[in-house]
Amino acid sequence: MHVPLYQAKADFFRMLGHPVRIRVLELLQHGPVPVRDLLADIDIEPSSLSQQLAVLRRSGIVVSTREGSTVSYALAGGDVAELLRAARRILTELLAGQNQLLSQLRQADTTETASPAAERLLTDRGSPRPTP
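The shown structure was predicted, so the numbers you read here are calculated from the model rather than taken from an experiment. (Residues numbered from 1 in each chain as written. Predicted model: local features only at pLDDT ≥ 70, side-chain atom pairs only at ≥ 80, totals over all residues. Heavy atoms only, no water.)

Trainee: Can you walk me through the packing of helix H1 (residues 5–16) against helix H2 (residues 19–28) in this structure?
Mentor: Axis separation between H1 and H2 bottoms out at 7 Å; the angle between their running directions is 85°. The orientation of H1 with respect to H2, classified from their angle, is roughly perpendicular. Along the contact surface, H1 presents Arg14, Met15 and Leu16, while H2 presents Arg21, Ile22 and Leu25. (Axes fitted to C-alpha atoms, helices over the stretch in contact; angles between N-to-C directions. Helix = DSSP H or I, 4+ residues; strand = E, 2+ residues; numbered from the N terminus. Parallel < 35°, antiparallel > 145°, perpendicular 65-115°, else oblique. Contact = heavy atoms within 4.5 Å.)

In structure tokens, the structure reads:
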């Protein structure tokens, strides 16, 4: 059965759509990490981490290796790290735009409150005039 590319992309992003999975991928950007270290950094139940690691492993985004009793995980390729960097850049731009809009809204609110029309409105409603 043929899956359209847009559907495959949606499935991929849905697979990424869990905070623990994103955090795991962030932690793996610099190389393999033992499960015990992931548990310490993420602070969730071992069974929950195991479930999220299984999703990432099934998707082929991470690989696991065992040395003795230590299981470590690593990114399967560098493209995932690049995707996370791209996401940070996009979020930075979006939040910067939101901060700029918030600043403009606050400035407009201050300007409107100090305007003569706003003062008349306050006076007409029986409120005292604001002191300069």
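So, next bit.
Trainee: Looking at this structure, I do not really get the pairing of strand S3 (residues 70–75). What am I missing?
Mentor: For a regular strand, the rule is simple: side chains alternate between the two faces of the sheet. The sheet contact formed by strand S1 (residues 33–34) and S3 spans 2 bridges and is antiparallel. In the strand pairing of S3, proline 34 is matched with serine 72. The pairing of strand S2 (residues 62–67) with S3 spans 6 bridges and is classified as antiparallel. Paired with valine 63 across the strands is alanine 74, a residue of S3. (Pairing = 2+ DSSP bridges.)

Trainee: What should I look at first to understand the pattern of salt bridges in this one?
Mentor: If charged atoms from side chains of opposite charge come close, those side chains can pair. For the coordinates displayed, the defined rule picks out 4 salt bridges. A salt bridge links arginine 23 to glutamate 26; the shortest N-O distance between them is 3.3 Å. Here arginine 23 and its partner glutamate 26 are both found in helix H2, 3 residues apart, which amounts to about one turn of the helix. Overall, arginine 23 belongs to the partly exposed group, its relative accessible area being 34%. (Salt bridge = Lys/Arg side-chain N within 4 Å of Asp/Glu carboxyl O. Buried < 20%, exposed > 50% of the residue type's maximum accessible area, 1.4 Å probe, protein only.)

Trainee: When you look at the packing of aromatic side chains in this model, what are you seeing that I'm missing?
Mentor: The description of an aromatic ring pair uses the distance of the two centres, along with the angle that the planes make with each other. Summed over all chains, the structure comprises 1 aromatic pair. Taking the centre distance of 5.4 Å and the plane angle of 75° together, the rings of phenylalanine 12 and phenylalanine 13 count as edge-to-face. Using a relative accessible area of 32% as the deciding quantity, one classes phenylalanine 12 as partly exposed. (Phe/Tyr/Trp six-rings, centres within 6.5 Å; stacked < 30°, edge-to-face > 60°.)

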